[in-house]
Amino acid sequence: MTTVEITVATAADRERVLGSLVAAFPTDPVLRYLFPDEETYPAYAAAFFGDLFDRRVHSQTIWTVAGGASVAMWEPPSTGTVPAGSVDAPGGGLAAQVPADAHARVRAYDEAVHAALPTAPFWYLGVLGTRPDSAGRGFGRAVMNAGLRRAAADGLPAVLETSSPANVEMYRRAGWEVSRTVDEPLPIWVMTQLPR
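Definitions and cut-offs
- Numbers given to residues run from 1 along each chain, matching the order in which its sequence is written.
- Local features in this predicted model are restricted to residues of pLDDT 70 or higher, and side-chain atom pairs are both shown and tallied only at a pLDDT of 80 or more, whereas totals for entire chains, interfaces and linings draw on every residue.
- Excluding hydrogens and water, the side-chain values take into account all heavy atoms of the structure.
- Lines fitted to C-alpha atoms define the axes here, with helix axes fitted over just the stretch in contact, and angles between the N-to-C directions of these axes take values from 0 to 180 degrees.
- Starting at the N terminus, helices and strands are each numbered in turn, a helix being any DSSP run of H or I of at least four residues and a strand any DSSP run of E of at least two.
- Should an angle fall under 35 degrees it is called roughly parallel, over 145 degrees roughly antiparallel, and 65 to 115 degrees roughly perpendicular, with every other angle called oblique.
- Definitions for this section: a left-handed crossing has its near helix turned counterclockwise from the far helix by less than a right angle. A right-handed crossing has that turn clockwise.
- What makes two residues a contact is simply this: any of their non-hydrogen atoms within 4.5 Å.
- Polar here means any residue other than Ala, Val, Leu, Ile, Met, Phe, Trp, Tyr, Cys and Pro, which are nonpolar, and Asp, Glu, Lys and Arg, which are charged; Gly is therefore polar.
- When a carboxyl oxygen of Asp or Glu is within 4 Å of a side-chain nitrogen of Lys or Arg, the pair counts as a salt bridge.
- Remark: exposure states derive from per-residue accessible area (1.4 Å probe, protein chains only) relative to the maximum for the residue type, with buried under 20%, exposed over 50%, and partly exposed in between.

Draft legend 1. Structural context of the packing of helix H1 (residues 14-24) against helix H3 (residues 41-56). At a minimum axis separation of 9 Å, H1 and H3 run at an interaxial angle of 130 degrees. Comparing the axis directions of H1 and H3 gives the class oblique. Crossing hand, H1 versus H3: right-handed. Contacts between H1 and H3 pair Arg 14, Val 17, Leu 18, Leu 21 and Val 22 from the former with Tyr 41, Pro 42, Ala 45, Ala 46, Phe 49, Gly 50, Asp 51, Phe 53 and Asp 54 from the latter. Counted by class, the contact of H1 with H3 contains 10 nonpolar, one polar and three charged residues.

See below:
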């Protein structure tokens with residue numbers, strides 16, 4: 001793989017990042033569970049990713065490459081709390097942007113994931129996505145590794161979750177191991193990578 005420049009996203013990158021993530025996840029099991037309607041998926045997925053972006057951008061833990069072609073949104077560790085979810089933000093957050101039934105699905109998914117996460121501090125890879133026209137170039141691994149380096153520098157494990165069996169295998173090849181599974185509201189694999 002050619003060396004690529006990894007940048008930390010700023011507020012100015014918001015629309016580019018959201019566009020890439022909406023394009024990256026149209027068939028993802030989680031996003032389709034949350035927003036199953038084909039017609040409203042783009043708007044609701046953009047609201048969902050926008051809420052996550054707004055929560056993390058000031059932590060400087062959103063890494064991008066190639067102008068936002070690939071994005072990794074990481075949540076830094078915080079003592080005694082789980083990573084910020086995508087609901088109940090001050091001012092309404094996602095609840096103000098999606099219908100009540102979609103918000104209820106987001107809450108159910110967040111609660112299931114958070115119940116399966118470790119209680120000790122860790123770095124959390126909340127979103128990793130690559131625009132389809134940029135897939136296969138190693139961009140995803142590059143932005144993922146930026147967060148893994150931060151976790152390793154802190155001496156902490158990294159944690160993610162996925163509901164895609166294909167992603168489980170992809171992450172295993174990148175050094176992640178399944179640490180927990182969840183059955184409801186859909187199959188979820190929680191995966192961990194210890195600091196190297």
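Draft legend 2. Expanded view of the environment of Gly 50. With respect to the helices and strands, Gly 50 occurs in helix H3. Distance from Gly 50 to Leu 18, taken between C-alpha atoms, is 6.4 Å for residues 32 residues apart in sequence. Every residue in contact with Gly 50, bar those within four places of it in the chain, is listed here: Arg 14 and Leu 18.

Draft legend 3. Representation of the pattern of salt bridges. Summed over the entire model, instances satisfying the criterion amount to 10 salt bridges. Two residues, Arg 55 and Asp 51, come together in a salt bridge whose shortest N-O distance is 3.2 Å. Within this pair, Arg 55 and its partner Asp 51 are both found in helix H3, separated by four residues, close to a single helical turn. By relative accessible area, Asp 51 is classed as buried at 6%. For Asp 133, the salt bridge is made with Arg 131, and the minimal N-O distance between the two is 3.1 Å. Among the ionic contacts, a cluster of salt bridges with common partners joins Arg 14, Glu 15 and Asp 54.

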